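What follows is each chain in one-letter form.
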Amino acid sequence: MAEDTLYPRLITDALATVRYPGSGRNIVELGMVADDIRIDGRRVSFTLLFAKPTDPFKASLVKSAEAAIRLAAPTAEVTVNTATAAQPEAAPKAPVLPGVKNIVAVSSGKGGVGKSTVAANLAVALAAEGYRVGLLDADIFGPSIPKMFGVENAELYMHEVDGRNLIIPAESYGVKLLSIGFVVEAGAAAVWRGAMASNALKQLIEQADWGELDYFLIDMPPGTSDIHLTLVQTLALTGTVVVTTPQEVALADARKGIAMFRDPKINVPVLGLVDNMAWFTPEKHPDEKYYLFGNEANVDRLAESFDVPVLARIPLVASVGEHSDSGRPIVTENTASAAAFFHLAHELIDAVDRRNSELPPTEKVNVH
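The notes below deal with the structure included here. If you're wondering where the values come from, they're calculated on a predicted model, not measured in any experiment. (Residues numbered from 1 in each chain as written. Predicted model: local features only at pLDDT ≥ 70, side-chain atom pairs only at ≥ 80, totals over all residues. Heavy atoms only, no water.)

Some details on the pairing of strand β7 (residues 164-168)
- Relative to β7, strand β6 (residues 157-161) runs antiparallel, the two being bridged by 5 bridges. Paired with Tyr 157 across the bridge in β7 is Ile 168.
- Counted between consecutive antiparallel strands, the loop separating β6 from β7 contains 2 residues, among which Asp 162 sits at a positive phi close to 50°. (Pairing = 2+ DSSP bridges. Helix = DSSP H or I, 4+ residues; strand = E, 2+ residues; numbered from the N terminus.)

A closer look at the packing of helix α3 (residues 115-128) against helix α10 (residues 336-358)
- Direction vectors running N to C along α3 and α10 enclose 75°, while the axes themselves pass 9 Å from each other. On the basis of their axis angle, the class for α3 and α10 is roughly perpendicular. Residue-level contacts link Thr 117, Val 118, Asn 121, Leu 122, Ala 125, Leu 126 and Ala 128 of α3 to Phe 341, Phe 342, Leu 344, Ala 345, Leu 348 and Ile 349 of α10.
- Its residues placed into classes, the contact of α3 with α10 shows 11 nonpolar, 2 polar and no charged. (Axes fitted to C-alpha atoms, helices over the stretch in contact; angles between N-to-C directions. Parallel < 35°, antiparallel > 145°, perpendicular 65-115°, else oblique. Contact = heavy atoms within 4.5 Å. Nonpolar A, V, L, I, M, F, W, Y, C, P; charged D, E, K, R; others polar.)

Topic: the environment of Ile 314
- In this fold, Ile 314 is placed in strand β13 (residues 310-316).
- Between the C-alpha atom of Ile 314 and that of Asp 275, which follows or precedes it by 39 residues, the distance is 6.2 Å.
- Discounting chain neighbours no more than four positions away, the residues touching Ile 314 are Val 274, Asp 275, Asn 276, Met 277, Ala 278, Ala 340 and Phe 341.

Here's what the structure looks like:
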């Protein structure tokens, strides 16, 4: 080959003989040769682009490219530079639940403190006040919301929204509802590993047509678990309401739950406490109070230690459980218990407004 015949096409044709291992395609086809071929007399330089700086074939491809040029132009002086190819920016993901204004988790440190009863009656009270409300039963292993709303036999359907098939939530007492209880056989145990439970929950959130909501309440499972992490990674929670009883054992677990949400890696605002089963009141003697589980001062001390308010105190009345079992939340009746739940709804509205005016918009949590 004559010494005056170096030209760009010669270089690209030579490089086209170099194949990326395992792909069956050459480095020119793959766009790995940058548009910076320079020829200065017998000197040739160009850049090979790699998707990752740690590409395992980088060194061997550089040598193969040098060899290919020298085979085509034996007297050429070859310089091969390497660089990491600019990756196209990923399209921003559509926000989860774009039509929802406030997402509030109703949580508890332990089971048996009436968390689901509080979540159900709070949701109905908010709906009765004219707000658009959704309630997700996130207690994968012990769903109770379908029974509390009398919709255990509800059948779920799907419809198309903007090219996506989405689940249509059930609706009762003006509240949109979804629960894993709708899709598992009644009475059957949900024997799932953590990842399976988390994926099922994400489907109920992301693949459902929740529409426009003022409040999206989540009845959380008790304690701290994978489900809690899944939720804070999937949704930007406006805040959480922690339900407890005045018992010291319940308060100790409530403290752990608050600490989890307050952890810097999670950082979900705690809107306040609900003192449930605060006292026993006989139906026929509504003015009498019997502190069966401990004095309300126990809950006050916990609230003060975390500088959060006690949003409401709910009395222990037999009819609350009876209404839950029959699928008619007690808040639908004109009783002292119903008034307590309406008071909780009003306090929650105020707490959410304060949180939104004093703190920056919420973001999903990145937990690694």
